[in-house]
Amino acid sequence: MIVKRRIFPLRIKVNDAVQRRLPVNHPKLPEVIQDSLKARAGHKGEEALDYYTSLLHQDEFHIFQGLRLNSGQAYFQMDSLLLSPSFALIIEAKNMAGTLTFNSSFNQMERTFNDKTDTYEDPILQAKRHRLLLQKWLKLHHFPQLPIEYIVFSSNPSTSLRNPFNDQEIYQRVCPPGKIIFKIEEFISKYKKEILSLREQKNLSKLLLKSDVLPGSHLHQFKIAPSDYLTGVQCPSCFQYAMERYGGTWNCPHCGTTSKDAHKQAIEDYFLLISDTITNKQFRIFLHIHSPKLATKLLASMDLECHGAARRSCYYTPQ
Ligand SMILES: [Zn+2]
């Protein structure tokens, strides 16, 4: 049973908005594109993991995709958490093409791709840290200490996995796609004793779901001045920020494309890049429209929360 479904990452939405709104020669653009590639690869790996866990027997586990908790000291996000009455399983997904070499002596992982080698933290160490934090979380909320297992899921079937020191832990804990179901079956056979009653499992699931904390935006990391962003309504065909509103539609003076709802993208970009609230005046400035009446009409047509009356209205991003 999937208790918490994965949501599309805010990081990718923010990066897309930045890429749409920065001039092509902006010095921060390469950094944003790099971050985007990494985030998209990560998300693809998580989706592959979701596919494999969906193959499990439906009632066997309560499944949490991308659950983010506060241990009392730190936030931690598990790519997948599987909960049964007998044990919990943390799965970290890695989607990296090329060759992954595990160096357990230093808890490092090297990735070689296109003749370039980069060093990363050993993902097993990361999974272990999450296990420790989940144990703390369970203690904090007075639940019995369940056995917590952990594995690393290497989602790309063409990734070559190397274990030069023949470390047993690497063989045991790192799973290529085809192996993961069998690995989970192994844990099911190993942990027969029920630690949680069905009621306790249900209560724990409820509290885990309630305790999920969405990550905030990472936009500040790029240190981009809000005034650097292009304003206006983007043409969906020629991508210029030049659409003008007349006759009840948006019209592009460059290519003649018309659109009923090109303003939706603009307001989403505003919420992702500038602020999570917008006033009628800010809306007009950002979308290059003159009429406050038209701005009110367009804002009202979107599913936003509205606070305050008349001229002082402030609109909030939908949650
Ligand atoms: Zn156009």
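Caption draft 1: Up close: the pattern of salt bridges. Using the criterion set out here, one finds 13 salt bridges in the structure. Close ionic contact of arginine 40 with aspartate 16 constitutes a salt bridge, the shortest N to O distance being 2.7 Å. Of this pair, arginine 40 sits in helix H2 (residues 29-53) while aspartate 16 sits in helix H1 (residues 10-21); the two residues are 24 residues apart in sequence, bridging distant segments of the chain. Lysine 128 serves as the salt-bridge partner of glutamate 169, at 3.2 Å between the closest nitrogen and oxygen.

Caption draft 2: Region of interest: the coordination of the zinc ion. Taken together, the protein donors to the zinc ion comprise Cys235 (SG), Cys238 (SG), Cys252 (SG) and Cys255 (SG), at separations of 2.2 to 2.3 Å. Because the angles between the four donor atoms bound to the zinc ion fall within 104 to 119°, the donor set is best described as tetrahedral. Accessibility expressed as a relative area gives 26% for cysteine 238, which makes it partly exposed.

Caption draft 3: Here's a closer look at the nonpolar core. Within the largest apolar cluster, 29 residues are counted, with the highest numbers of intra-cluster contacts made by Leu69, Met78, Leu81, Leu83, Leu134, Leu204 and Leu208. Elements that contribute at least two residues to this core include exactly strand E2 (62-70), strand E3 (75-83), strand E4 (88-94), strand E5 (99-103), helix H3 (123-140), strand E8 (148-154) and helix H6 (198-211). Of the residues forming this core, the biggest block, six residues, is contributed by H3. With 22 residues, the next largest nonpolar core counts Phe271, Ile278, Ile289 and Leu304 among its residues.

Caption draft 4: Examining the pairing of strand E6 (residues 108-113) more closely. Here E5 runs beside E6; their pairing, made up of five bridges, is antiparallel. Residue pairing across strands places threonine 99 opposite threonine 112, the latter belonging to E6. Between the antiparallel neighbours E5 and E6 lie four residues, among them asparagine 107 with a positive phi of about 50°. Where E6 and strand E7 (residues 116-121) come together, six bridges link them in antiparallel fashion.

Caption draft 5: Spotlight on the packing of helix H7 (residues 262-273) against helix H8 (residues 280-287). As a packed pair, H7 and H8 sit with axes 11 Å apart at the nearest point and diverge in direction by 115°. Accordingly, the angle class assigned to the pair H7 and H8 is roughly perpendicular. Between H7 and H8 the crossing geometry is right-handed. Two secondary-structure elements touch here, H7 through His263, Ala266, Ile267 and Tyr270 and H8 through Gln282, Phe283, Phe286 and Leu287. Residue classes in the contact of H7 with H8 are distributed as six nonpolar, two polar and no charged.

Caption draft 6: Region of interest: the side chain of histidine 263. You can see histidine 263 is positioned in helix H7. Residue class for histidine 263 comes out buried when judged on its relative accessible area of 3%. Each residue touching histidine 263, except ones within four places of it in the same chain, is listed here: Val233, Arg245, Trp250, Leu287, Leu298, Ser301 and Met302.

Caption draft 7: Seen up close, the domain arrangement of the protein. Domain annotation for the protein reports domain 1 (2-211) and domain 2 (231-316). With centres defined by C-alpha atoms, the gap from domain 1 to domain 2 works out at 38 Å. Across the boundary between the two partners, domain 1 contributes seven residues, which contact ten residues of domain 2. Summed over both sides, the interface between domain 1 and domain 2 buries roughly 720 Å², with carbon and sulfur atoms accounting for 57% of that surface. Interface area lost by domain 1 to domain 2 is led by Ala17, Arg20 and Arg21, which between them contribute 79%. Where domain 1 meets domain 2, there are two salt bridges. The closest approach of N and O atoms between arginine 20 and aspartate 269, which form a salt bridge, is 2.6 Å. Linking domain 1 to domain 2 there are four residue pairs in polar contact (both at pLDDT 80 or more). Residues that form the side of domain 1 that touches domain 2 fall into these classes: four nonpolar, no polar and three charged.

Conventions we followed
- The written sequence of each chain sets the order in which its residues are numbered from 1.
- In keeping with the predicted nature of the model, local features appear solely for residues at pLDDT of at least 70, side-chain atom pairs appear and are counted solely at 80 or more, and the whole-chain, interface and lining totals rest on all residues.
- Only heavy atoms go into the side-chain values, all of them from the structure, while hydrogens and water stay out.
- Take a side-chain nitrogen of Lys or Arg and a carboxyl oxygen of Asp or Glu: if they are within 4 Å of each other, that pair is a salt bridge.
- Secondary structure counts use DSSP, requiring at least four H or I residues in a row for a helix and at least two E residues in a row for a strand, with both numbered from the N terminus.
- Counted as donors are N, O and S atoms no farther than 2.8 Å from the metal, or 3.2 Å for Na, K and Ca; water is not among the atoms, and sites may therefore look incomplete.
- Donor angles set the geometry label: tetrahedral for four donors if every angle is between 85 and 135 degrees, square planar for four and octahedral for six if opposite donors exceed 155 degrees and the others are between 65 and 115, irregular for anything else.
- Each residue gets one of three labels from its accessible area relative to the maximum for its type: buried under 20%, exposed over 50%, partly exposed in between, using a 1.4 Å probe on protein chains only.
- By convention a nonpolar core is built from buried Ala, Val, Leu, Ile, Met, Phe, Trp, Tyr and Cys residues, the set being connected through side-chain atoms within 4.5 Å.
- If DSSP finds at least two bridges between two strands, the strands pair.
- In this analysis, axes come from line fits to C-alpha atoms, helices being fitted only over the stretch in contact, and the angle between any two N-to-C directions falls in the range 0 to 180 degrees.
- Each angle receives one of four descriptions, namely roughly parallel if under 35 degrees, roughly antiparallel if over 145, roughly perpendicular if within 65 to 115, and oblique otherwise.
- If you view the pair so one helix is near and one far, a crossing is left-handed when the near helix is turned anticlockwise from the far one by less than a right angle, and right-handed when it is turned clockwise.
- By the convention used here, residues are in contact when the closest approach between their heavy atoms is within 4.5 Å.
- Gly falls in the polar group here, along with every residue not listed as nonpolar (Ala, Val, Leu, Ile, Met, Phe, Trp, Tyr, Cys, Pro) or charged (Asp, Glu, Lys, Arg).
- Those domain boundaries reflect an automatic or database domain assignment.
- When two parts are put together, the accessible area they lose, computed with a 1.4 Å probe and summed over both, is reported as buried area.
- In protein, a polar contact means a hydrogen-donor-capable atom and an acceptor-capable atom, both N or O and within 3.5 Å, with residues adjacent in sequence counting only if both atoms are side-chain atoms; elsewhere, any N or O pair within 3.5 Å suffices.

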